[in-house]
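# Notes for the structure review
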Amino acid sequence: MGSTFNSLVGLIILALDIWAILNVIKSGSEVGIKVLWILLIALLPVIGLVIWAIAGPRGNVRI
């Protein structure tokens, strides 16, 4: 049961990180800023996602 729950949480975090990266790519920010945000989200998946949600650039991504 524990490994299934951990796998599900990991997949949810991965999906949210991909969604955040797509939003960063679609934003109107400069390329250097986009690269820094993508690196932050990719290297620190949970903390980077929270920081991006509070202060990051957002684009118009419709899922």
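- In the annotation of an unreviewed UniProt entry, the protein is listed under the name PLDc N-terminal domain-containing protein and assigned to Pseudomonas kermanshahensis.

## Some remarks on the UniProt feature "domain: Cardiolipin synthase N-terminal" (unreviewed entry) in the protein
- Listed under "domain: Cardiolipin synthase N-terminal" (unreviewed entry) in the UniProt record, and renumbered for this structure, are residues 15-57.
- Note that residues 15-57 is 84% helix and 0% strand, and that its end C-alpha atoms are spaced 18 Å apart.

## Comments concerning the nonpolar core
- Counting residues in hydrophobic clusters, the biggest one holds six residues: A20, V24, W37, I41, L49 and W52.
- Setting aside chain neighbours within four positions, we find A20 in contact with I41, L49 and W52.

Reading guide: rules and limits
- Residues numbered from 1 in each chain as written.
- Predicted model: local features only at pLDDT ≥ 70, side-chain atom pairs only at ≥ 80, totals over all residues.
- Heavy atoms only, no water.
- UniProt positions renumbered as here; feature names shortened; annotations may be inferred.
- Helix = DSSP H or I, 4+ residues; strand = E, 2+ residues; numbered from the N terminus.
- Core = buried A, V, L, I, M, F, W, Y, C linked by side-chain atoms within 4.5 Å.
- Buried < 20%, exposed > 50% of the residue type's maximum accessible area, 1.4 Å probe, protein only.
- Contact = heavy atoms within 4.5 Å.

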